[in-house]
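# Summary of the model geometry
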Amino acid sequence: MKFCVTTPIYYINGDPHIGHAYASIAADILARFKRLDGDEVHFSTGTDEHGIKVARSAETAGMDVYKFSDLMSQKFRDLGKVINLSEDDFIRTTEERHIVSSQQLWRRISDDVYMGTYSGWYSARDEEYIPEEDLSDGKAPSGAPVEWMEEESYFFRLSAYQDRLLELYEKNPDFIAPPSRRNEVISFVKSGLKDLSISRSKFDWGIPIPDAPGHVMYVWIDALANYITSLGFPENEERVAEMMANCVHVVGKEILRFHAVYWPAFLMSAGLPLPKRIFAHGWWTSEGQKMSKSIGNVVDPQKTVEKYGLDPIRYFFFREIRFGEDGDFSEKSLQRRISYDLANDLGNLVQRVLAFVQKIGGLRVNYDFIEDERPLFEDSRSLMRKLRVLMDKQDLNGVLGEVWSLISASNKFVDHMKPWELVKDDEDKLNRVLTALCESLRAIAFGVAPFMPSTADKIFDFLNVDGKSFREIEVNFTDQTFRPPFPLFPKE
RNA sequence: CGCGGGGUAGAGCAGUCCGGUAGCUCAUCAGGCUCAUAACCUGAAGGUCGUUGGUUCAAAUCCUUCCCCCGCAACCA
């Protein structure tokens, strides 16, 4: 099987924050799961670097716009290292391959493109059009005066795609997820689509439109095209086709429309295959409030990772809320998750089982399970089948729920089986119990692996398991002495 | 009357489609165990399921009134 997953490409007008980290980690988890499951995976992320805002920020910083882009893009690349991103490709929209790709896409949709006039309230000081609803007292939010301006612009005949889009949503109910978002998009499209202005001539920091001097592409096409550029468009259209059909675009809810409406329309127009799913994630507030620089509650991914460690944060994001909903990021709830879920449930389970195995001189396997041990064994062996179904729905919260119920079942199992008593008088049962527990630890490690790669690696190390493929779950353990365990999430 | 989602134990949520003893996690209280990171296990308390009226043997679930909250409502990467 092939699988493709993307993050949005991040606009380099500001520094990376926890929201970027969140989207990236979500995509990373999907990618890692599919790789462990044996799929051929393409996972792309990157930066979106064109547009007037970037040009202006560069100017403010007194930098050449190319230098500025390099600097800012690198910050996002560095964020990837901090959060242990396993991307196959980091794409920048200023790269030659992307310019070629976007221009080719432009040519492919040219039957739906025509020259028209774009008009709106323009603020000369801000050098941008201000949407009508953002005006106050006839002024831009910055207080600058605005004037009605018109310029030549290319338009995309989006209006022609209304019916085909509705048909797409109708025939593929899972094209947009979660379902509540789907309704929003459908209702938007039903309300009537207007053609899209897709070029600008007032600034030049963008991809030149073929054979149209003075015109650059507006963000819609430039940014969205990154997904096919990364897959090798236009050279390798075969790969684009087979990957796109299995592609999940992870996006923020604020850019859902571009991905769920404009992007499919462009692809239809270009005769290219549509992605499998657009998944819109929610937003995090910080300590109960919207993150904002003025409140000073913006969560810095680097600092948070330094303070709490990476894996707990990766875990928290997908345990705390259903993927797709909004959530609140508070240190208190993060600490709670670390202490209870990670240290007490997971960490302590691994420790109590493996320390015990150590104590009695190693694992002597016994797979002749009876009713007492068989349910746990079967739950362990079948865990991945359950997770696969949930993962295919991007139900990351559900996946962790399943893994934690196996953890909980294992903790109960230890209590009920009382291996510290079996060691005195029932060696056969003791071995069956510990074999079943090692099986469950291994399944748990695999379940946790996409979320917390380095934690999973520690458990794999303890168990002498390779940890490269879910197939390893089907292999019986052999008699052996494990290396001594140490607490995975030590408390102070 | 723009479209949509939601109001269920102290908190966060599931259950509502296909009516039939109201469930989960955390917090609280009590007990057990001692392998383990004072971790783990068991049990208890706690809810007029937003409001009004109705259908029904039976309503969180179906119909109705009103109140409240939150998304979306196009050029915002």
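Cut-offs used in this document
Residues numbered from 1 in each chain as written. Chains lettered and ligands numbered in written order. Predicted model: local features only at pLDDT ≥ 70, side-chain atom pairs only at ≥ 80, totals over all residues. Heavy atoms only, no water. Axes fitted to C-alpha atoms, helices over the stretch in contact; angles between N-to-C directions. Helix = DSSP H or I, 4+ residues; strand = E, 2+ residues; numbered from the N terminus. Parallel < 35°, antiparallel > 145°, perpendicular 65-115°, else oblique. Contact = heavy atoms within 4.5 Å. Nonpolar A, V, L, I, M, F, W, Y, C, P; charged D, E, K, R; others polar. Buried < 20%, exposed > 50% of the residue type's maximum accessible area, 1.4 Å probe, protein only. Salt bridge = Lys/Arg side-chain N within 4 Å of Asp/Glu carboxyl O. Pairing = 2+ DSSP bridges. Near = heavy atom within 4 Å. Polar contact = N/O pair within 3.5 Å; in protein donor to acceptor, adjacent residues only side chain to side chain. Core = buried A, V, L, I, M, F, W, Y, C linked by side-chain atoms within 4.5 Å. Domains from an automatic or database assignment. Buried area = accessible area lost by both parts, 1.4 Å probe.

The interhelical angle for the contact between helix α2 (residues 52-60) and helix α3 (residues 65-82), taken along N-to-C directions, is 100 degrees, at an axis separation of 9 Å. When the axes of α2 and α3 are compared, the pair comes out roughly perpendicular. Contacts from V54, A55, S57 and A58 of α2 reach α3 at V65, F68 and S69. A breakdown of the residues in the contact of α2 with α3 according to their chemical character gives 5 nonpolar, 2 polar and no charged.

Time to look at unusual backbone geometry. With an omega dihedral of -10 degrees, the bond running from A177 to P178 counts as a cis peptide bond. Counting through the fold element by element, P178 comes out in the loop between β7 (176-177) and α6 (179-190). Omega for the bond connecting F233 with P234 falls within 30 degrees of zero, at 0 degrees, which places this linkage in the cis form. Considering the arrangement of structural elements, one finds P234 in the loop between α8 (226-230) and α9 (237-244). We note that N464 has phi near 60 degrees; this positive angle belongs to a residue other than glycine. Note on N464: relative accessible area 41%, which makes it partly exposed.

Bringing the pattern of salt bridges into the picture now. Across all of its chains, the model carries 31 salt bridges by this definition. Here E331 and K307 are joined by a salt bridge, their closest N and O atoms 3.0 Å apart. In this pair, E331 is assigned in helix α13 (residues 331-359) and K307 in helix α11 (residues 301-308), connecting sequence segments 24 residues apart. The exposure class assigned to E331 is partly exposed, which follows from its relative accessible area of 32%. For K307, a relative accessible area of 55% gives the class exposed. Measuring nitrogen to oxygen at the nearest pair gives 2.7 Å for the salt bridge that ties E320 to R337. Remark: R337 occurs in helix α13 and E320 occurs in the loop between α12 (310-319) and β14 (327-329); sequence separation between them is 17 residues. Among the charged side chains, a network of salt bridges with common partners joins K2, E40, R239 and E242.

Strands belonging to one sheet form pairs held by backbone hydrogen bonds; the direction of such a pair is parallel or antiparallel. Across the sheet, 6 strands lie side by side as β3-β2-β1-β11-β12-β7; this open sheet has parallel pairing. If you trace the sheet from one side to the other, it starts and ends with β3 (89-92) and β7, each paired once. Pairing analysis gives 3 bridges linking strand β1 (residues 2-11) to strand β11 (residues 247-252), with the strands arranged parallel. The residue of β11 that forms the bridge with V5 is V248. Across the sheet, helix α1 (residues 18-36) touches β1, β2 (40-48), β11 and β12 (277-281), and the angle it forms with β1 is around 170 degrees.

Before going further, it helps to examine the protein's contact with RNA strand B. In the region of RNA strand B, 44 residues are neighbours, and Y11, G192, R257, N348 and D415 sit closest. A distance of 3.2 Å separates a phosphate oxygen of RNA strand B from a polar side-chain atom of Y340. One nitrogen or oxygen atom from the side chain of D345 is found 3.4 Å from a phosphate oxygen belonging to RNA strand B. Those elements giving two or more residues to the surface near RNA strand B turn out to be α6, α7 (219-224), α10 (256-270), α13 and α15 (396-417). The dominant element in the surface near RNA strand B, judged by the number of residues it contributes, is α13, at 11 residues.

What follows deals with the side chain of S440. Note on placement: S440 falls in helix α17 (residues 427-448). You can call S440 buried: its relative accessible area is 0%. With residues near it in sequence (within four places) discarded, S440 still touches L376, S380, L406 and S410.

This part is about the nonpolar core. Most often, soluble globular proteins have nonpolar side chains that are buried together. Counting residues in hydrophobic clusters, the biggest one holds 96 residues, and the most contacted among them are F317, F318, L346 and W404. At 12 residues, the largest contribution of residues to this core is made by α17. In this structure, this core is formed jointly by two domains, domain 1 (2-282) and domain 2 (331-474), each of which donates at least three residues. For F317, the residues in contact, after removing those within four places along its chain, are I18, Y22, I25, W284 and F329. Formed by 52 residues, the second largest nonpolar core is a distinct cluster that contains Y161, L168, V185 and L196.

What follows is about the packing of α13 against helix α18 (residues 453-463). Remark: α13 packs on α18, axes separated minimally by 12 Å, with the N-to-C direction vectors making an angle of 10 degrees. Between α13 and α18, the crossing angle belongs to the class labelled roughly parallel. Every residue of α18 that contacts α13 at L346, V350 and L354 is listed here: T455, I459, F462 and L463. Across the contact of α13 with α18, the residue classes break down as 6 nonpolar, 1 polar and no charged.

For chain A, the domain assignment lists domain 1 (2-282) and domain 2 (331-474). The centre of domain 1, based on its C-alpha atoms, is set 42 Å off from the matching centre of domain 2. Summed over both sides, the interface of domain 1 with domain 2 buries roughly 1400 Å², with 66% coming from carbon and sulfur. It is I29, F33 and L36 in domain 1 that bury the most area against domain 2; as a group they hold 48% of the surface buried on that side.

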